[in-house]
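# An overview of the molecular structure
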Amino acid sequence: MTSHGSTRSGTGTNLDPWYHHYADRAAGLSTSEVRALFAVASRPEVVSLAGGMPFVSALPSELIRASFDRVMTDSGPQALQYGSGQGTPVLREQILEIMALEGIHGSVDDVVVTTGSQQGLDLVTKLFINPGDVVLAEAPSYVGAIGVFRSYQAEISHVALDDTGLVPEALRERIAGLKAAGKSIKLLYTIPNFHNPAGVTLSRERRLEILEICRDNSILVLEDNPYGLLYFDSPPPQAMRSVEEDGVVYLGSFSKTLAPGFRIGWVLAPHAIKEKLILANESAILSPSSFSQFVVSEYLRTADWKAQIDTFRGVYRERRDAMLSALAEHLPELSWTSPSGGFYVWVTLPEELDSKAMLPRAVKELVAYTPGTAFFANGSGRRFMRLSFCYPTSDTIRLGIRRLATVINGELELVNTFSPTGQIATMRQSQTSSAPPPNIS
């Protein structure tokens, strides 16, 4: 240790005096590209198409304020106290009513309330993953899930998806290859509805086939469904958990259909897994926030929450339409997905462009997006970007796409100018319609 408390690490100096004391799994903790973007994207002059923040201003504040007031008047001492590690029984009953909208029928005893569905994801991973175990996940996949799996030293193995979701044949091939290599496959992590980041929805036929594949190979399915009720025209197929109880752990959340600030999510799990989840929950946080649970429960009891979700659908549908029309107008040579719900559009760039390297120029032009590399465990995905339409207004989205077109066209001009073979970066044929995400395994 030097006189300033630094330590030597390889040929450089690490300023953390505890660097050599960390557990090996701490190496899996790193700042995600999404998190790193928030500081930049929060500047008022920057149009952020990056973060997946719900438009909470569409939620009438008087509804929440009234719920706050009634909770404090009628149940203040209980709401401010410690609670159960499983969550309040009344809220768990109400969660069953919500899941029933997607065909799920379960027992209130098998619901565990968590601090957002992100904590549910962490708890399930903690219960099942030993260092080196394999988690199968779509390519691309949710950046927050990749971070959790890495933190428990899992090997993340991506499986291809296309315009109707995870490809069953690619899943079979990946499982066979991993088993031949002697790998232990524990989980399949999937976002079947309005996928983050790809925006696609898994077809019913594929859901059934994927469940059969996982059942045959003793792989637990981790179904993450924060967006399922935010459809624009017609509901997605019913949840995988609705047809398979023993082989599916279901993650739900109020973050997208109410507000993320409450940090209330849940896990519906087979009974034996549920018992361990409660113990893990108590070990991690003692209990989820009693106050948040009481307020959310009161809101669900007194407000027309289904009508409010329908309001959110209308807001996001309008913004989705604005983004797709702006892309068609300003960047017709690119291809992108056309989501039927949720928050995200997945854009494919010409082969010569690198979305991560291009980001500083985009920020200089006052527009932000999330590079595709954030959604692949192996750092690939440079040809892709995720655009979020959930938070900015339609006019702001159109402005952001115009700025993004300036950035992309400028990058192409640079590549063409300095390419020794001439116009290598000429965009492909015009494509104003939507296109499937990459078939990457």
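Heads up: the structure comes first, above all this text.
Residue positions are counted from 1 within each chain, in the order its sequence is given. Residues qualify for local features only when their pLDDT is at least 70, as the model is predicted, and side-chain atom pairs are given and counted only at 80 or more; totals for whole chains, interfaces and linings, by contrast, use all residues. To obtain the side-chain values, all non-hydrogen atoms of the structure were included, while hydrogens and water were left out.

### Considerations on the pattern of salt bridges
Salt-bridge detection follows one rule: a side-chain nitrogen of Lys or Arg within 4 Å of a carboxyl oxygen of Asp or Glu. All chains considered together, the criterion is met by 14 salt bridges. Across the salt bridge formed by R70 and E298, the nearest N and O atoms sit 2.6 Å from each other. Here R70, found in helix α2 (residues 61-79), pairs with E298, found in helix α9 (residues 290-302); they are 228 residues apart in sequence, far enough to count as distant. Classification of R70 by relative accessible area gives partly exposed; the value is 28%. Across the salt bridge formed by D133 and K186, the nearest N and O atoms sit 2.6 Å from each other. Taken as a pair, D133 in the loop between α4 (116-128) and β5 (134-139) and K186 in strand β8 (residues 185-190) lie far apart in primary sequence, 53 residues in all. In this structure K186 comes out as partly exposed when scored by relative accessible area, which is 23%. Elements are defined by DSSP. Helices are runs of H or I of four residues or more, strands are runs of E of two residues or more, and each kind is numbered from the N terminus. Residue burial is assigned from relative accessible area. The probe radius is 1.4 Å, only protein chains are included, and a residue is buried under 20% of its type maximum, exposed over 50%, and partly exposed in between.

### A look at the packing of helix α10 (residues 305-330) against helix α12 (residues 394-418)
To get an axis, a line is fitted to the C-alpha atoms, and for a helix only the part in contact is used. The angle between two axes follows their N-to-C directions and goes from 0 to 180 degrees. The interhelical angle for the contact between α10 and α12, taken along N-to-C directions, is 25 degrees, at an axis separation of 9 Å. Taken together, α10 and α12 sit at an angle that is classed as roughly parallel. You can see that α10 and α12 cross each other, and the crossing is right-handed. Touching E318, R319, A322, M323, A326, L327 and H330 of α10 are S394, I397, R398, I401, R402 and A405, all from α12. Every angle not falling under 35 degrees, over 145, or within 65 to 115 is termed oblique; those three ranges are roughly parallel, roughly antiparallel and roughly perpendicular. Here a crossing is taken to be left-handed if its near helix is turned anticlockwise relative to the far helix by less than a right angle, and right-handed if that turn runs clockwise. Note on definitions: a residue-residue contact is assigned when non-hydrogen atoms from the two residues lie within 4.5 Å.

### Here we look at empty space enclosed by the protein
Only protein atoms enter the 1 Å grid used here. Points where a 1.4 Å probe fits but cannot escape make up a cavity, open sets with protein on both sides within 12 Å along at least five of seven lines make up a pocket, and a residue lines them when an atom lies within 4 Å of a point. Grid points are joined across faces, edges and corners, and a volume is the space filled by probe spheres set on the points. A full pass over the atoms with the stated rule returns 2 cavities of 30 Å³ or more. Computed from the structure, the largest cavity encloses a volume of approximately 170 Å³. Lining the largest cavity are 17 residues, with I98, L229, S253, T257 and W266 sitting closest to its centre. In terms of residue count, the dominant contributor to the lining of the largest cavity is strand β10 (residues 248-253) (3 residues). A class-by-class count of the residues in the lining of the largest cavity yields 11 nonpolar, 5 polar and 1 charged. Size it by volume and the second largest cavity reaches roughly 30 Å³. Lining the second largest cavity, in full, are R204, R207, L208, Q238, A239, M240, S242 and V243. Classification used: nonpolar for Ala, Val, Leu, Ile, Met, Phe, Trp, Tyr, Cys and Pro, charged for Asp, Glu, Lys and Arg, polar for all others including Gly. Partitioned by chemical class, the residues of the lining of the second largest cavity number 4 nonpolar, 2 polar and 2 charged.

### Describing the sheet that holds β8
At least two bridges found by DSSP between two strands is the condition for calling them paired. Here 8 strands make up an open sheet; going across it, the order is β4-β11-β10-β9-β8-β5-β6-β7 and the pairing mixed. Every interior strand has two partners, whereas the edge strands, β4 (111-114) and β7 (165-166), have only one. Here 4 bridges tie β10 to strand β11 (residues 265-268), and the two strands are oriented antiparallel to one another. Pairing of G252 across the sheet is with W266, part of β11. Against the sheet, α4 makes contact with β4, β8, β9 (220-224), β10 and β11, and its axis sits at roughly 155 degrees relative to β10, the strand it touches most.

### Comments concerning the sheet that holds strand β12 (residues 335-336)
A sheet is described by the order of its strands in space; here 4 strands give the open sequence β12-β13-β16-β15, paired in antiparallel fashion. Edge positions in the open sheet fall to β12 and β15 (370-371), since each of these has one partner strand only. Inspection of the sheet shows strand β13 (residues 344-348) paired to strand β16 (residues 384-388) by 5 bridges, in the antiparallel sense. From the neighbouring strand, V345 faces β16, where its bridge partner is L387.

In short, shape yes, function no, at least from these values alone.
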